[in-house]
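# Breakdown of the fold
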Amino acid sequence: MFTGIDEVGWASLRHAYGTAEDVPGLLRGLASTDPVERAAALDGMYDAVHHQGIVYDSTLACVPFLFELAGCEQVADRGELVELLISIGRGRGPEAGAGVGGGAADAGGGGVVMDTGGGAAAGIGVGGAAADTAGGASADTGAGSTAPNAGGEGPLAEAGGRGTSADAAVRARAEDFAALLADRDSDVRRAAAEALVRFLDQPARALGLLRQRITVERDDRVLRALTESVGLFVRRHPAHAAEALDILLMLGTPPYDPGLRLAALGQLAGCAPDLLPADLVPTVVELLGERSEQRRSGRSKLIEGDHSDPDTLAGRLRRLRPSDEEGALLLRTLHTALGGRVSDRIALLEGQLSSTDPADRCNGVWMAAGLFREWRADYSVPVELIGEQLGVGPGPLLGTAESERLRDAAVSVLGDLFHLAAPAADHLHTLVTARPDLWVHRWERRSSSLGGPLKSLARSGDPRATPVLAQVLAQPVVPDDLGRVIVHLGRSAAPLAPALRHRLGQVPLDSPETYDRAVPLLSALTALADREAVLEVLRLLGGMAEGVRLRHRVVESAVRALGVFGSGAEGVVPALRGLLESECAGVVAGALWSVEGDASAVLPVLVRELAGPDAQRRRVAADVLARLGPSARAAAPGLARLVEAECAWERVAGACALWQVSGEVERVLPVLRAAWVGHPGVRGVVAACLVDMGAAGVPLHDLVDAELASPRRHLVRAGGHGSQDVLEDERLLAVCREVRVA
């Protein structure tokens, strides 16, 4: 296996962390009889030699040895080595971007799969072809590795994909995959199916080998991998698609196993949706039920065996897998392939969430998360069904690991929906009432935070969260994030103001915790416009030590609070005027304008900030100048320069302010249109500006109409999502409706 390994000049080769002198040890570790040593060696391959999917010169030098290891029946865990070879063959040099196109962060390349799909569903080598189900990654599939590249010299410069050195190196040994397709190890056969489609340059032969293997294969998991590989074949070789589609149609009908039929339907949905049955959703729900019955009765071969995983990266990822990983992948494949067929996906979710199998319902919860994040629709029914998974009410399942997994999944998904979680509020309130132990989550190495059920209830805007939060506020230690949650309750949180003021008055003025404790409380009091909190805010501004961590952020939050409720209060104006030369000058000027209304006192400061070198401070100044309106006309030249800035956020801030202070339309509208089209994140700001512009903004109303008509959320992006994407999208829709009413 290792013939010639010592003749390779490893010291002259590089990987992510420098010289590749340690690579021979990693390769030998892959052949170890010790599972812990093997897992550590695989960790090293993905972490250093194939870091974030990058192919280095040392990665290429490993390819022949990896093929020898994969073909040696005395070596354990060879399926993972085939997956590593697939990932290397799909790898890219650093110029193409870390993690793109294969490797540890690529669900399509095998190896370590970080597939969040809406939840913490990570796995090792679960069938890479599935990631190509719908012709590429979707926003439903989560993000890959975000670990930074540690540097190193000597990675290949090729862009990746067909024609790179890595692709050629693996493709040159593609015949090995043909042999491995008949290997005695089922994990090897599973991985070899995808490898054959990707790297064998004879499409007809590859399809023939897949078809032949399907006729003799008896392992259900291998059959599913073969099915996924046939779907991948259709997308890669459209000239040979007809024969491959016939195979998928065959696998999608009895007497094949229900899980296999689901896999075939998922592949058809991704590559030939016109061949799907008319009754797709009822068929899928029925097959799910049959598959679940097989799992419960022990007749399914898809049940994961009980085994302990070593404490390595790969082992930790395995432990994050869902209890029914195969089922999760089957349904994720189908949901991804259905894409924008939202009504079908909602109906499918309702079937999943109504299943008698808690694992099916848990998978449904995570699938719902991806749908909610990407598409706009009426989700009241599936949200209410997710609420039913909280394990309270008739027939509670509390105390079981499965029910806790299901409850935690439901809470996580509902928490990211904010007011859209209202249909589940009764279930959340019941859980909060029944389980005071879940009100606060105490972490081992950091400050406590609000528990998921209470946080989700408060984020939904339900006033029943207020008395519970009052009890939390009365405890000796208050979660640091409580103030940020209270803002979503609106005026129903007003009874909490006295306790919030009391807590703010207890914040130490010279502690490393000052920022973490003060800012959330200030946010809550600002949202409540609590005029009685002025003394506590002035205490912070006047007494905070200079060396406090993130001191300027605390000052900004305190100043914004005074801008909301400090008008007429003794001591506010002198305190603000004393900060006009600070790094928070723009925020201070805005607060001073709010409480005093004297443009002459703040305009010179804002003009100065507008000409400064800091982009964020320029944006703040522009936002405040917009509020001053025509009285800030002297700032128009500076705002005109900001309209030409490189950053879209600066251009938009400058354009909105320029219109407010000068009424100039011809220069502003093209900037706003270009930013709306090219930078979706700024659409909320542009829409708010259009509300203010009234009739002057009519030329841009076509953008607003298109947004209101679009079924897709505006912040959808490949490679990840933000926890507030749904909230920001709903806010944009609300402002767009206001534009059309104005």
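None of these values were measured; they are calculated from a predicted model.

Helix and strand counts for the protein chain come out as 36 helices and six strands. Across the 742 residues that make up the protein chain, the buried fraction comes to 56%. Summed over its atoms, the accessible surface of the protein chain is roughly 29500 Å², and 53% of this surface lies on carbon and sulfur atoms.

Below, the discussion takes up the packing of helix 1 (residues 23-30) against helix 2 (residues 35-49). One can describe the packing of helix 1 onto helix 2 by two numbers: an axis separation of 7 Å at closest approach and a directional angle of 140°. For the element pair helix 1 / helix 2, the angle class is oblique. Here helix 1 and helix 2 pass one another in a crossing that is left-handed. Between helix 1, through Val-23, Leu-26, Leu-27, Gly-29 and Leu-30, and helix 2, the contact on the second element is made entirely by Glu-37, Arg-38, Ala-41, Leu-42, Gly-44, Met-45 and Val-49. For the contact of helix 1 with helix 2, a count of residues per class yields eight nonpolar, two polar and two charged.

Topologically, Leu-334 is positioned in helix 14 (residues 325-338). For Leu-334, a relative accessible area of 2% corresponds to the buried category. Setting aside residues up to four positions removed in sequence, Leu-334 forms contacts with Leu-265, Gly-266, Ala-269, Val-284 and Leu-348.

Quick look at helix 30 (residues 615-628) now. Between its first and last C-alpha atoms helix 30 spans 20 Å; for 14 residues at 1.5 Å apiece the expected length is 20 Å, and the two agree. The set of residues buried in helix 30 consists of Arg-618, Val-620, Ala-621, Ala-622, Val-624, Leu-625, Ala-626 and Leu-628. On its buried face, helix 30 sits against helix 28 (585-596), helix 29 (599-610), helix 31 (636-642) and helix 32 (648-662). Measuring from the backbone nitrogen of Gln-616 back to the side-chain oxygen at the start of helix 30 gives 3.0 Å, which picks out Asp-614 as the cap. Positioned one or two residues after helix 30, Gly-629 has a phi angle of 65°, which is positive.

How each quantity is defined
All chains use their own residue numbering, which begins from 1 and follows the written sequence. Per-residue local features of the predicted model are confined to residues with pLDDT of at least 70, and side-chain atom pairs are confined, for both listing and counting, to 80 or more; whole-chain, interface and lining totals are unaffected and use all residues. The side-chain values count all of the structure's non-hydrogen atoms but skip hydrogen atoms and water molecules. Secondary structure elements follow DSSP: runs of H or I of four or more residues count as helices, runs of E of two or more count as strands, with numbering from the N terminus. The buried label applies to any residue whose accessible area, calculated with a 1.4 Å probe on protein chains only, is under 20% of its type's maximum; exposed applies above 50%, and partly exposed to all values in between. Each accessible area value is a Shrake-Rupley result obtained with a 1.4 Å probe; residue values ignore everything except the protein chains displayed when judging cover. Axis lines are fitted to C-alpha atoms, over the contacting stretch for helices. Their N-to-C directions set the angle, which ranges from 0 to 180 degrees. Working definition: roughly parallel below 35 degrees, roughly antiparallel above 145 degrees, roughly perpendicular at 65 to 115 degrees, and oblique for all remaining angles. We call a crossing left-handed when the near helix sits turned anticlockwise from the far one by less than a right angle, and right-handed when that turn is clockwise. Contacts are assigned to residue pairs with any non-hydrogen atoms lying within 4.5 Å of each other. In this classification, the charged set is Asp, Glu, Lys and Arg, the nonpolar set is Ala, Val, Leu, Ile, Met, Phe, Trp, Tyr, Cys and Pro, and all remaining amino acids, among them Gly, are polar. Multiplying 1.5 Å by the residue count of a helix minus one yields the expected span of that helix. Residues adjacent in sequence count toward polar contacts only when both atoms are side-chain atoms; beyond that, a polar contact is any pair of N or O atoms within 3.5 Å, and within protein one must be able to donate a hydrogen and the other to accept it.

Shape is all these values report; function is a separate question.
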